[in-house]
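Coordinates in review
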Amino acid sequence: MASISLRGVQKAYGDGAPVIRNVDLDIGENEFCVFLGPSGCGKSTLLRMIAGLEDVTDGDLSIGGKTVNDVPAAQRGVAMVFQSYALFPHMSVFENMAFGLKLAKTPKDEIERKVREAARILQLEALLERKPKALSGGQRQRVAIGRAIVREPGVFLFDEPLSNLDATLRGQTRVEIARLHKQFAKASVVYVTHDQIEAMTLADKIVLLHSGKDTERYGSIAQIGAPLELYHRPKSRFVAGFIGSPRMNFLPGKVASLDAQGVLVTLDHTGENVRVPVSSAGLQPAQPVTLGVRPEHLEFVDASATTNAAASQDGVLARTVSLVEQLGEHSYVHLDQPGGAVLIAKAPGNTRLAPGDRASLRVSRTACHLFTEDGFAAASLESVEHYA
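Residues numbered from 1 in each chain as written. Predicted model: local features only at pLDDT ≥ 70, side-chain atom pairs only at ≥ 80, totals over all residues. Heavy atoms only, no water.

**What about the state of the cysteines?**
Scanning all chains against the criterion turns up 0 disulfides. Here C33 is not disulfide-linked; the sulfur of C41 is the nearest cysteine sulfur, at 13 Å. (Disulfide = S-S within 2.5 Å.)

If you want it as C-alpha cells, here you go:
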C-alpha cells in the first residue's frame, strides 16, 4: 500500500512557463484517483512525474510517506500501463508478463505462480503462448495490465489505457479495471483520461485539470472531489461545462432581487425570471450572472403555463424546437435561444416534439447554479436538499 502526496508541485521545460502549476494533492491508500481534463492540460505529464519519467521542477512529491523527487522510476514501487500497450512483439504473452520479474531476478517458480495467477484473473490462461500480433486490442491491453499486476506494486498508473479500443471493448475493459481494483484493494490507482464516462464510473476521486490561460490564473487543478460532487456542486463554470454530457446549459442574466427566499434572476433577451433558492451572499442587484441548468433539470410543461400570471416568477421558459435527437430510452431536444445559442433539454424517448414546435419548460430551481462574471460559482448549494 502507498499513499501519494504532492505539495506545490510544478513542471516547466527549460525557461518556458510551467505546464503544471501549484499542484497540492493527496491520494490515499486504496483510492482510485482519475486525472481528467481537456487535451493539453498536463494530465499525462503529472502522471509521468509520479512515475519518475518526468522530473519535478519545483515542490515535493512523496509516495508512501517518502519524498521521491530524486528517486529513480524503478525504485518507486509503481507500475505503469501505457496507452500503446508497449508489448514486446517477439515475446509470448507469458514472456511479456514475466519480463519485469525476470529483470528483478525473481525465482522461476515465483514467476510462474504470479504470471499464471494474473492470467487467471484477467482470463488470459488460454493465450499465454500467443504473440501480441495474434491478440485483439482488448487482449493486448489485458496483457499490459497483467504485466503490471505481477509486480504487486503499491501504486498502479494508467495513462489513457482505453483510448485505442473501440466503444464495445472500451466498455468491457473499463468494467475489468473496476473489478480488478476491488480485487487488488491494497493498491492505489492513478488513472488518466479525457473521457468523463470513464472518470465518473471508475473514480473514487476526480482531479479535474485546467488548460490554457486558466492554468496561469488559477493553477492546474480546477476542482478535486468525488464524481457526483463535481457533477452537482461545480465550483466554476469550467467544471460545470466539462462534467456532464450533454454539457450544462448556460443562460446569461442579471440579479433582479435578493431576499430570504434566494436570488431572482432575470434572463437577458427574454426577460424571463427564475428564482434560485440559494445563499445570496456577495451578490448585488443588477449584477451580471450566468444561470446554469442541466438538460435533465428542464421539465416540459403544458404551453398554457406560459400564460399564467405567475409564470414570470415561476421559472417557465418558452422556446422553439430546432432539433430532436432520439436515442431510444430518452431524447435530447435542442431549442433556439435568443442570440443564436441553443438550449438542450432531456425528454422521454417517445416524445412527439418536432422541429418548429413551440415548447414550454420549467426550470428545476433547486438544481440551478449561479456563476459570476469571473466564472466562479456565486452561491453555495450545500443546504439544498436536492444535492444532499
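**Some words on the side chain of S5**
By secondary structure assignment, the location of S5 is in strand β1 (residues 4–11). Apart from the residues within four sequence positions on either side, S5 is in contact with L25, D26, D60, L61 and S62. (Helix = DSSP H or I, 4+ residues; strand = E, 2+ residues; numbered from the N terminus. Contact = heavy atoms within 4.5 Å.)

**What to know about the sheet that holds strand β13 (residues 273–276)**
Note on sheets: strands pair through backbone hydrogen bonds, and any given pair is parallel or antiparallel. The sheet built from 5 strands is open, its strands ordered β13-β12-β11-β14-β20 with antiparallel pairing. Of all the strands in the sheet, the pair left with one neighbour each is β13 and β20 (369–371). Strand-to-strand, the axes of this sheet are offset by a mean angle of 40 degrees, without reference to chain direction. Pairing geometry for strand β14 (residues 288–293) and β20, over 3 bridges, is antiparallel. (Pairing = 2+ DSSP bridges. Axes fitted to C-alpha atoms, helices over the stretch in contact; angles between N-to-C directions.)

**A closer look at the nonpolar core**
By size, the foremost hydrophobic cluster in this structure holds 48 residues, and its most contacted members are M97 and Y191. Those residues in contact with M97 that sit more than four places away from it in its chain are V115, A118, A119, L124, L128, V143, G146, R147 and V150. Within the second largest apolar cluster, 30 residues are counted, among which are A2, I4, V155 and I221. (Core = buried A, V, L, I, M, F, W, Y, C linked by side-chain atoms within 4.5 Å. Buried < 20%, exposed > 50% of the residue type's maximum accessible area, 1.4 Å probe, protein only.)

**Some points on the domain arrangement of the chain**
Partitioning the chain into domains gives domain 1 (4–237) and domain 2 (242–371). A C-alpha centroid distance of 39 Å is found between domain 1 and domain 2. Counting residues at the interface gives 13 residues for domain 1 and 10 residues for domain 2. With both chains or domains summed, domain 1 and domain 2 bury close to 1,100 Å², and 65% of this area falls on carbon and sulfur atoms. The largest share of the area that domain 1 buries against domain 2 comes from Q196, Y231 and R237, three residues that together contribute 59% of it. Seen at the junction of domain 1 and domain 2, the total is 0 salt bridges. Elements with a contribution of two residues or more to the side of domain 1 that touches domain 2: α6 (196–202) and α8 (227–232). Looking at the side of domain 1 that touches domain 2, the element that brings in the most residues is α8, giving 3 residues. (Domains from an automatic or database assignment. Buried area = accessible area lost by both parts, 1.4 Å probe. Salt bridge = Lys/Arg side-chain N within 4 Å of Asp/Glu carboxyl O.)

**Considerations on the packing of helix α4 (residues 137–149) against helix α5 (residues 167–183)**
Two elements in contact, α4 and α5, have axes whose closest approach is 10 Å; the angle formed by their N-to-C orientations is 20 degrees. It follows from the interaxial angle that α4 and α5 lie roughly parallel. Regarding α4 and α5, the two cross each other, and that crossing is right-handed. On α5, the residues touching G138, Q141, I145 and I149 of α4 are L169, T173, I177 and L180. Of the residues contributing to the contact of α4 with α5, the split by class is 5 nonpolar, 3 polar and no charged. (Parallel < 35°, antiparallel > 145°, perpendicular 65-115°, else oblique. Left-handed = near helix turned anticlockwise from the far one by under 90°. Nonpolar A, V, L, I, M, F, W, Y, C, P; charged D, E, K, R; others polar.)

**Notes on the packing of aromatic side chains**
Per the stated rule, a full pass over the model turns up 7 aromatic pairs. Seen from their ring centres, Y218 and F376 are 5.0 Å apart, and the 85 degrees between their planes marks the pair as edge-to-face. With a gap of 158 residues between them, Y218 in helix α7 (residues 213–218) and F376 in the segment after β20 connect regions that are remote in the sequence. Ring geometry for F250 against F371: centres 6.0 Å apart, planes inclined by 70 degrees, an arrangement best described as edge-to-face. Taken together, the residues F250 in strand β11 (residues 249–259) and F371 in strand β20 connect sequence positions 121 residues apart. For F250, a relative accessible area of 15% corresponds to the buried category. (Phe/Tyr/Trp six-rings, centres within 6.5 Å; stacked < 30°, edge-to-face > 60°.)

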